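Chain residues, written in single-letter form:
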2 protein chains.
Amino acid sequence: MEEFSLTCPIPISEYPHVLLAHGGGGKLMHQLIDKMFLPVFGDPNAIAHDSAALTLPGNRIAMTTDSYVIRPLFFPGGDIGSLAVHGTINDLAMSGARPLYLSAGFILEEGLPLETLWRVVRSMQAAAENAGVQIITGDTKVVDRGKGDGIFINTAGVGILEHSQAIAPQFVQPGDLLLINGDLGRHGIAIMAMREGLEFETTIESDSAAIADLVMQLLDADIEIHCLRDLTRGGLASTLNEIATAAKVTIEIDETAIPIREDVQGACEILGFDPLYVANEGRFVAFIPSEYRDRALQIMAQHPLGADACLIGQVTDKGRPLVTMQSKIGASRIIDMLSGEQLPRIC
Amino acid sequence: MEEFSLTCPIPISEYPHVLLAHGGGGKLMHQLIDKMFLPVFGDPNAIAHDSAALTLPGNRIAMTTDSYVIRPLFFPGGDIGSLAVHGTINDLAMSGARPLYLSAGFILEEGLPLETLWRVVRSMQAAAENAGVQIITGDTKVVDRGKGDGIFINTAGVGILEHSQAIAPQFVQPGDLLLINGDLGRHGIAIMAMREGLEFETTIESDSAAIADLVMQLLDADIEIHCLRDLTRGGLASTLNEIATAAKVTIEIDETAIPIREDVQGACEILGFDPLYVANEGRFVAFIPSEYRDRALQIMAQHPLGADACLIGQVTDKGRPLVTMQSKIGASRIIDMLSGEQLPRIC
């Protein structure tokens, strides 16, 4: 990765904070683009014009968008910039697409320190570079003080579909196994612990990551995949309910099989959260026919982002949309979709 | 265009306002998606999954993004929804791409009436349908009261490049003529007059529109085009300065040739604005070799969005980036880029 100055390239002595004029189309906006965005994100032609022109390696694509309003902007293990890159990459990967290009739309609040923006921009670029995607076009708007909250970021993404599998919730069927790529809850709990000012013996860090590379390895190995879904807002419980509803199937999961770290479990108890509903970024569930189990788990386990991959459940019946969990003491209970607001502004 | 109920599809008696939970990944968010977004924007499969899968008619594309933070949300001649669709379509058209698909990312403020969101969503769909583009994927985030401003919208867009012309500021050269598709300033002045509570004999309405169809007609007629640019933030003056800098050319415009309606001119004088710096949406400048002038003007004049198309200037020299204007009294003056903030939150 190219190294950029840690110091903000726009002299603090000049304009230490974002002004409304930074979004006004005039000299300050161009200074922001020329000194901050272009040197970091690269190709000046692509960004400086109204839109970026690209030649894709094929014409079957996936497109997605997500806005990021997480608070605080910086947290153990990440920040709004890396999250905005990981999240949109992961949404593309969940349709089986190889992520290629991202756009970045900033909504800045008047008064934001330019240093803060600079940290976020560098973090976005590092996350994009690590994941092999390019940020190719952008936009900056500024809203008056008190009408925003520091930085909101939208990233939209385009990826290429290189395989011919049909991967979507409606293709889930009885007999499918549910694999996940690791433990649940670290991202959400890292944020909430910080917001609530909780201190633990060791800091829980967000495990936000881009999982496209792991997904591509599964596809390249011809693992048959019926559905992929990342466990973001609403957590595992809400995700499985969405899929059960879309496919009209019953999904059974096994509580003892779901990996949750002890410190995360402890923090959930203190904060009053159920880890099944806590948001993640970089955790996903794959629905695959049983004959692919061993190979899929082997591929996942060899990847840094799948070291704790495991089987957590199966699809049992068609007809009745339902999610149930076999608990540690052997009882079975219904797992419903998140009904209130557990973790506001977690992504 | 399909007709939708004017009444919000989510019963007011239930949840009249946006709650944080509408962005939380649980039941309320799914109600919003199922009852409001999917019935209006169409293809449920495309939107319900994490990303939309598409087959493009080719593999040379343009991609762009813009966030919209305009205030007020509704104004004479338009609203934030139609603007968010027009603006991103126009950015694609300015690279010569035929706009095909848009994403829509909403950042809602807690407490926003759901009725307001419903009006905006319907307006987006109407604008998209009129322009022949599809809104195929979306996202909703909710921020706490006082941390947003009603509705912010990001739209990203993908279009297809069907021609082989190189259209960008750096291709502008001496001898090129500047054509615009109509009068300046109506959009910006409509907003500012409303914000300032100014009343004129007749209300000045925003002329926000999607100009891709007009641009496609020019390209389909094999008009050679060196650069296209829409006159948004910073207005004609800032746009021409950007192009003069990118192409290192001198651009001369003729004040008497620039069409500005009398009521807009009058409002500019009252508000203290120079119409050359006022933002538009749906006005563009085309740089073309002189031999294409008559045919290009004829094509533009026959289009509803180009009825007042005219020649406003030319590119004279290479080497020195400069924009000058021949004034009504015959003097020539330098036109600089917007240096402050003339019209905050105009798009």
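Residues numbered from 1 in each chain as written. Chains lettered and ligands numbered in written order. Predicted model: local features only at pLDDT ≥ 70, side-chain atom pairs only at ≥ 80, totals over all residues. Heavy atoms only, no water.

**Some remarks on the overall build of chain A**
Moving on, step 1. Secondary structure assignment for chain A yields nine helices and 14 strands.
Moving on, step 2. Expected size for 347 residues packed as a compact globule is a radius of gyration near 20 Å; at 21 Å, chain A falls within 12% of this value.
Moving on, step 3. Across its three principal directions, the C-alpha atoms of chain A cover 65 × 50 × 35 Å.
Moving on, step 4. Taking all 347 residues of chain A together, 64% fall into the buried category.
Moving on, step 5. Across chain A, every contact between residues at least 6 apart in sequence was considered, and the portion connecting residues at least 24 apart equals 86%.
Moving on, step 6. Only carbon and sulfur atoms are counted for the fraction: they give 48% of the accessible area of chain A, which is about 12500 Å².
Moving on, step 7. Treating the 24 positive side-chain charges of chain A as one cloud and the 44 negative ones as another, the clouds have centres 4 Å apart. (Helix = DSSP H or I, 4+ residues; strand = E, 2+ residues; numbered from the N terminus. Rg over C-alpha atoms; globule rule 2.2 N^0.38 Å. Buried < 20%, exposed > 50% of the residue type's maximum accessible area, 1.4 Å probe, protein only. Contact = heavy atoms within 4.5 Å. Areas by Shrake-Rupley, 256 points an atom, 1.4 Å probe, with all protein chains shown as cover. Lys, Arg positive; Asp, Glu negative; His and termini not counted. Charge placed at Lys NZ, Arg CZ, Asp CG, Glu CD.)

**Side note on the domain arrangement of chain A**
Residues and elements named next belong to chain A.
Moving on, step 1. Annotation of chain A at the domain level lists domain 1 (12-160) and domain 2 (169-334).
Moving on, step 2. A straight line from the C-alpha centre of domain 1 to that of domain 2 covers 28 Å.
Moving on, step 3. Taken over both partners, the interface formed by domain 1 and domain 2 buries close to 1800 Å², and the fraction arising from carbon and sulfur atoms is 65%.
Moving on, step 4. Among the residues domain 1 hides against domain 2, the three largest losses belong to Pro 76, Asn 90 and Met 94. Together they make up 34% of the total.
Moving on, step 5. The interface formed by domain 1 and domain 2 holds one salt bridge in total.
Moving on, step 6. Put simply, Asp 220 and Arg 98 hold a salt bridge, and the shortest N to O gap is 3.9 Å.
Moving on, step 7. At the boundary of domain 1 and domain 2, one finds six residue pairs in polar contact (both at pLDDT 80 or more).
Moving on, step 8. Going through the elements one at a time, β3 (74-75), α3 (80-93) and β5 (98-109) are the ones with two or more residues in the side of domain 1 that touches domain 2.
Moving on, step 9. If one sorts the elements of the side of domain 1 that touches domain 2 by residue count, α3 sits on top with seven residues.
Moving on, step 10. For the side of domain 1 that touches domain 2, the residue count by class is twelve nonpolar, five polar and four charged. (Domains from an automatic or database assignment. Buried area = accessible area lost by both parts, 1.4 Å probe. Salt bridge = Lys/Arg side-chain N within 4 Å of Asp/Glu carboxyl O. Polar contact = N/O pair within 3.5 Å; in protein donor to acceptor, adjacent residues only side chain to side chain. Nonpolar A, V, L, I, M, F, W, Y, C, P; charged D, E, K, R; others polar.)

**As for the pairing of strand β10 (residues 249-254) of chain B**
Moving on, step 1. Inspection of the sheet shows β10 of chain B paired to strand β12 (residues 310-318) of chain B by five bridges, in the antiparallel sense. Looking across to β12 of chain B, one finds that Ile 251 of chain B is bridged to Val 315 of chain B. (Pairing = 2+ DSSP bridges.)

**Digging into the confidence of the model for chain A**
Moving on, step 1. Mean pLDDT over chain A: 93, with 96% of residues reaching 70 or higher.
Moving on, step 2. Here the predicted complex scores 0.95 on pTM and 0.95 on ipTM. (pLDDT = per-residue confidence, 0-100.)

**Thoughts on the relation of the copies chain B and chain A**
Moving on, step 1. You can overlay chain B on chain A at an RMSD of 0.0 Å; the transform is a turn of 180° with a shift of 0.0 Å along its axis. Classification of the inter-copy transformation places it as that of a two-fold axis. (Least-squares fit on C-alpha atoms with pLDDT ≥ 70 in both.)

**Observations regarding the interface of chain B and chain A**
Moving on, step 1. Chain B puts 80 residues into the contact, and the matching count from chain A is 80 residues.
Moving on, step 2. The junction of chain B with chain A conceals about 6100 Å² of combined surface from both sides, 55% of it contributed by carbon and sulfur atoms.
Moving on, step 3. Put simply, chain B and chain A have twelve salt bridges between them.
Moving on, step 4. With its nearest N and O atoms 3.0 Å apart, the salt bridge here joins Asp 336 of chain A to Lys 27 of chain B.
Moving on, step 5. The interface formed by chain B and chain A includes 30 residue pairs in polar contact (both at pLDDT 80 or more).

**Quick look at the packing of α3 of chain A against helix α4 (residues 114-131) of chain A**
Residues and elements named next belong to chain A.
Moving on, step 1. Following both chains from N to C, one finds α3 and α4 inclined at 35°, their axes separated by 7 Å at the closest point. Between α3 and α4 lies a crossing of right-handed hand. Contacts between α3 and α4 involve Ile 80, Gly 81, Ser 82, Val 85, His 86 and Ile 89 on the former and, on the latter, Val 120, Ser 123, Met 124, Ala 127, Ala 128 and Ala 131.
Moving on, step 2. Residues that form the contact of α3 with α4 fall into these classes: eight nonpolar, four polar and no charged. (Axes fitted to C-alpha atoms, helices over the stretch in contact; angles between N-to-C directions. Left-handed = near helix turned anticlockwise from the far one by under 90°.)

**Some points on the packing of helix α5 (residues 186-195) of chain B against helix α8 (residues 262-271) of chain B**
Residues and elements named next belong to chain B.
Moving on, step 1. It is at 10 Å that the axes of α5 and α8 come closest, and there the two elements cross at 50°. Compared by their axis directions, α5 and α8 come out oblique. At the point where α5 passes α8, the crossing takes the left-handed sense. Contact residues: Arg 186, Ile 189, Met 192 and Ala 193 in α5; Val 264, Ala 267, Cys 268 and Leu 271 in α8.
Moving on, step 2. For the contact of α5 with α8, a count of residues per class yields seven nonpolar, no polar and one charged. (Parallel < 35°, antiparallel > 145°, perpendicular 65-115°, else oblique.)

**Notes on the packing of aromatic side chains**
Any aromatic ring pair is given by two values, namely how distant the centres are and how the planes are angled relative to each other.
Moving on, step 1. Using the criterion set out here, one finds five aromatic pairs over all chains in the structure.
Moving on, step 2. Consider the rings of Phe 152 of chain A and Phe 152 of chain B, whose centres lie 6.4 Å apart with planes at 50°: the pair is tilted. Pair noted here: Phe 152 of chain A is in strand β7 (residues 151-160) and Phe 152 of chain B is in strand β7 (residues 151-160), and the two residues belong to different chains.
Moving on, step 3. By relative accessible area, which is 1% here, Phe 152 of chain A ends up buried.
Moving on, step 4. For the pair Phe 37 of chain B and Phe 41 of chain B, a centre-to-centre distance of 6.2 Å together with 10° between the ring planes defines the contact as stacked. With Phe 37 of chain B and Phe 41 of chain B both in helix α1 (residues 27-41), this residue pair falls four residues apart, about one helical turn. Exposure class is identical for Phe 37 of chain B and Phe 41 of chain B. Each is buried.
Moving on, step 5. Ring-pair connections join several aromatic residues into one group, and the members of that group are Phe 37, Phe 41 and Phe 106 of chain A.
Moving on, step 6. In this structure, Arg 119 of chain A packs its charged tip against the face of Phe 74 of chain A, placed 3.7 Å from the ring centre.
Moving on, step 7. One cation-aromatic arrangement involves Lys 141 of chain A over Tyr 68 of chain B; the distance from NZ or CZ to the ring centre is 5.5 Å. (Phe/Tyr/Trp six-rings, centres within 6.5 Å; stacked < 30°, edge-to-face > 60°. Lys NZ or Arg CZ within 6 Å of the ring centre and 35° of its normal.)

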